[in-house]
Amino acid sequence: MQNHVVECPHCHRRNRVPVVADGTPRCGNCHQPLPWVVDAGDDDFGDVAERAQVMVLVDLWATWCGPCRQVSPALEQVARELAGKVKLVKVDVDKAPKLSERFSVQAVPTLLLMRDGQIKARQSGTAPARVLRQWVDQALRNDP
């Protein structure tokens, strides 16, 4: 599995963040939670998303989709704000046809909130970051 380099929003130190890990990534310098934003596809979705120990926000998107590009920064903002509580997993539906079929994706972007491989909430289309944050916060409150 690969690593991504993420700048800590607190101390600005660069950290390697694994795609798959036990727990949640923390800054090696200040030990604050780091935003966890990764890509997944048909072959690694189980390891990347379904086995995560935090709530997973799945963004099913396509490169040709204007609304997908519009909502992406808002999703990344939510992932930053909820670092340590949420993992954002981005899935390009054109490169992951099995996942598109499995989740019955009929429009992109389609957003899923998952915990332990189970879908807790679903929505299609774009929304501003504050609305997405409220949606995720509600799911986190309802999560046992």
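If you're wondering where the values come from, they're calculated on a predicted model, not measured in any experiment.

### What to know about the overall build of the chain
- Scanning the chain from terminus to terminus reveals 4 helices and 7 strands.
- Listing each helix as α and each strand as β along the chain from the N terminus yields β-β-β-α-β-α-β-α-β-β-α.
- Its C-alpha atoms give the chain a radius of gyration of 14 Å, within 12% of the compact-globule value 15 Å for 144 residues.
- Looking at the chain as a whole, 47% of its 144 residues qualify as buried.
- Entry remark: accessible area of the chain is about 7,700 Å², with carbon and sulfur atoms responsible for 44%.
- For the chain, the distance from the average position of its 19 positive side-chain charges to the average position of its 17 negative side-chain charges is 6 Å.

### Points about the pattern of salt bridges
- Summed over the entire model, instances satisfying the criterion amount to 6 salt bridges.
- In this structure, R102 and E50 form a salt bridge, with 2.3 Å as the shortest nitrogen-oxygen distance. Here R102 is found in helix α3 (residues 97-102), whereas its partner E50 is found in helix α1 (residues 45-50), with 52 residues between them in sequence.
- Overall, E50 belongs to the partly exposed group, its relative accessible area being 23%.
- Note that R133 is salt-bridged to E81, the shortest N-O span being 2.9 Å. Here R133, found in helix α4 (residues 129-142), pairs with E81, found in helix α2 (residues 66-81); they are 52 residues apart in sequence, far enough to count as distant.

### Overview of the environment of P67
- Among the structural elements, P67 can be located in helix α2.
- Residues P67 and D42, spaced 25 residues apart in sequence, show a C-alpha to C-alpha distance of 23 Å.
- In contact with P67, not counting residues within four places along its chain, are P109 and T126.

### Some details on the sheet that holds strand β6 (residues 110-115)
- Spatially, β3-β5-β4-β6-β7 is the arrangement adopted by the 5 strands of the open sheet, whose pairing is mixed. In this open sheet, the two edge strands, each paired with only one partner strand, are β3 (36-39) and β7 (118-124). Pairwise comparison of adjacent strand axes, ignoring direction, gives a mean angle of 20° for this sheet.
- The sheet contact formed by strand β4 (residues 55-61) and β6 spans 5 bridges and is antiparallel. Bridge pairing links V58 to L112 in β6.
- Strands β3, β4, β5 (86-92) and β6 of the sheet are contacted by α2, whose axis makes an angle of about 160° with β5.

### Quick look at unusual backbone geometry
- For the bond from V108 to P109, the omega torsion is 0°, close enough to zero to count as cis.
- Structurally, P109 is set in the loop between α3 and β6.
- Unlike most non-glycine residues, H12 shows phi in positive territory, near 70°.
- When you line up the elements, H12 lands in the loop between β1 (3-7) and β2 (14-18).
- Phi at S104 takes a positive value of approximately 50°, unusual for a residue other than glycine.
- Along the chain, S104 falls in the loop between α3 and β6.
- In this structure S104 comes out as partly exposed when scored by relative accessible area, which is 48%.

Here is what the cut-offs are and how they apply
Residues numbered from 1 in each chain as written. Predicted model: local features only at pLDDT ≥ 70, side-chain atom pairs only at ≥ 80, totals over all residues. Heavy atoms only, no water. Helix = DSSP H or I, 4+ residues; strand = E, 2+ residues; numbered from the N terminus. Rg over C-alpha atoms; globule rule 2.2 N^0.38 Å. Buried < 20%, exposed > 50% of the residue type's maximum accessible area, 1.4 Å probe, protein only. Areas by Shrake-Rupley, 256 points an atom, 1.4 Å probe, with all protein chains shown as cover. Lys, Arg positive; Asp, Glu negative; His and termini not counted. Charge placed at Lys NZ, Arg CZ, Asp CG, Glu CD. Salt bridge = Lys/Arg side-chain N within 4 Å of Asp/Glu carboxyl O. Contact = heavy atoms within 4.5 Å. Pairing = 2+ DSSP bridges. Axes fitted to C-alpha atoms, helices over the stretch in contact; angles between N-to-C directions.

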